[in-house]
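Each chain, written out:
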Amino acid sequence: MEKFRNGNWWREKWEITWKNTLVTTAILAGVTAVAGLYHMLSEGSVNIVMFYTVALIFIPRFTRGYVPGIVAAMVSVGCVNYLFTYPYFCWDFSMKGYPVTFFCMLVIAVAVSAVTSYTKQQSGILASQEKKLMEAEKERMRANLLRAVSHDLRTPLTGIIGASSSYLENEAFLSEDKKRDMVRHIGEDANWLLNMVENLLTVTRIRDDSASVNKSLEPVEEVMAEAVRRFKKRIPEAKVKVSLPDEFIMVPMDAMLIEQVLINLMENAFYHAHSEREMELYAGTEGSSAVFCVKDYGTGIEPDRLKTIFDGEASTGSGEADSYRGMGIGLSICKTIITAHGGTIEARNHGGGAEIRFTLPGE
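None of these values were measured; they are calculated from a predicted model. (Residues numbered from 1 in each chain as written. Predicted model: local features only at pLDDT ≥ 70, side-chain atom pairs only at ≥ 80, totals over all residues. Heavy atoms only, no water.)

A. Quick look at the UniProt feature "transmembrane region" (unreviewed entry) in the protein chain. The sites that carry the UniProt feature "transmembrane region" (unreviewed entry) are, in the present numbering, residues 21–40, 70–88 and 100–119. Annotated as 74% helix and 0% strand, the span residues 70–88 places its first and last C-alpha atoms 24 Å apart. (UniProt positions renumbered as here; feature names shortened; annotations may be inferred. Helix = DSSP H or I, 4+ residues; strand = E, 2+ residues; numbered from the N terminus.)

This is the structure in structure tokens:
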């Protein structure tokens, strides 16, 4: 009984009824006009029923429930009888074959209404399930990002606080070299924090309502060149070998977001590969998709982490680089961006190191 006392329920029912009435009336009026024109030009009524049969197919598609289709079937039979059957503009329910015509059109209306209603119901269920899955994925990504942020922010912040406190408390006892070294570490930690803030701001470019991005056709060569330029500006000592495809490739993307993905992957390779050999950045095509890959020749990725490396988990590897700069937040953001583009991203070892590749769907 609660729903009957709810004004919203009555309002919704009223809106549905009016919409059904307007749609049904408009389609029947249009079909009647076309049938009348056909009747005048052909001077026959043999195919008039087919016009109304088409109307009975379209009406359930744009209305809700069985009533509009059933009413339309009755009105259609009446129009054929009254307007297009001799004697014109006169009801004659005793005509031969009239009951069969009425019955067939009614069956068509009910059948089409049933199929359309079922299809709409299933589509609604699928849409609801897809929305729930998307919300669950967004919540999981949000939790992973928060976990990664809590880990990756703690270490550089602790380093900045410790170094600055030591500098202020022991300034008179520190050598110039030690002072410069402490300031250098503070600067490195601050730059790393700035990089993580840029990553988080980058994610805000992804629309919250649909977890998608605004894409436009961009040349792969220019996006890669800009990513390398920004990466080298941040880490001048890094060595990158860039390989571009022979053909000119245009891919729908948010160029700034994809540049951030490439920068994150190159920084990850630089800090975690523990290799003096230059990393490789190359692009190509697979079918209708564009493929990007960052490949290093270092220690590789622990096999048990390959499937969870993009989930925002902190690095568990040993060594100064791993403890100083975890892989969590950068790779988690990479996955968020690529997923929003409708692409895929994966990590694997190639024997001489690790590589991370991602795909972007073409036009």
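B. Looking closely at a nonpolar patch on the surface. Together, Val54, Ile57, Phe58 and Phe62 give the surface a local cluster of nonpolar side chains, amounting to about 370 Å² of exposed area. Locating valine 54 in the fold gives a position in helix α2 (residues 48–62). (Patch = residues over 30% accessible without salt bridge, like charges linked within 9 Å, V, L, I, M, F, W, Y side chains within 5 Å. Areas by Shrake-Rupley, 256 points an atom, 1.4 Å probe, with all protein chains shown as cover. Salt bridge = Lys/Arg side-chain N within 4 Å of Asp/Glu carboxyl O.)

C. Summary view of the sheet that holds strand β5 (residues 289–295). Read across the sheet, 5 strands follow the order β2-β4-β5-β7-β6 without closing on themselves; strand pairing throughout is mixed. Each edge of the open sheet is held by one strand with a lone partner, namely β2 (240–243) and β6 (344–349). Adjacent strand axes in the sheet meet at a mean angle of 15° when their direction is disregarded. Where β2 and strand β4 (residues 279–286) come together, 4 bridges link them in parallel fashion. By the bridge assignment for β4, valine 240 is matched with methionine 279. This element, helix α6 (residues 220–234), spans β2, β4 and β5 of the sheet and lies at about 165° to β4. (Pairing = 2+ DSSP bridges. Axes fitted to C-alpha atoms, helices over the stretch in contact; angles between N-to-C directions. Contact = heavy atoms within 4.5 Å.)

D. Quick look at a positive patch on the surface. Together, Lys13, Lys19, Arg61, Arg64 and Lys120 give the surface a local cluster of positive charge. Along the chain, lysine 120 turns up in helix α4 (residues 98–169). (Lys, Arg positive; Asp, Glu negative; His and termini not counted. Charge placed at Lys NZ, Arg CZ, Asp CG, Glu CD.)

E. Quick peek at α2. Helix length check: α2, at 15 residues, gives a terminal C-alpha distance of 22 Å against a target of 21 Å (1.5 Å per residue), a fit within 8%. All of the buried residues along α2 are Ile48, Tyr52, Thr53, Ala55, Leu56, Ile59 and Pro60. Angular distribution of buried residues about the axis of α2 spans 155°; they occupy a single face of the element. (Expected span 1.5 Å × (residues − 1). Buried < 20%, exposed > 50% of the residue type's maximum accessible area, 1.4 Å probe, protein only. Arc of directions from axis to C-beta.)

F. Quick look at unusual backbone geometry. Phi at histidine 274 takes a positive value of approximately 55°, unusual for a residue other than glycine. Counting through the fold element by element, histidine 274 comes out in the loop between α7 (255–272) and β4.

G. The arrangement of the pairing of β4 in detail. Where β4 and β5 come together, 7 bridges link them in antiparallel fashion. Within the sheet, the bridge partner assigned to threonine 285 lies in β5 and is alanine 290. Here β4 folds back onto β5 in antiparallel fashion, the turn holding 2 residues, of which glycine 287 has a positive phi close to 65°.

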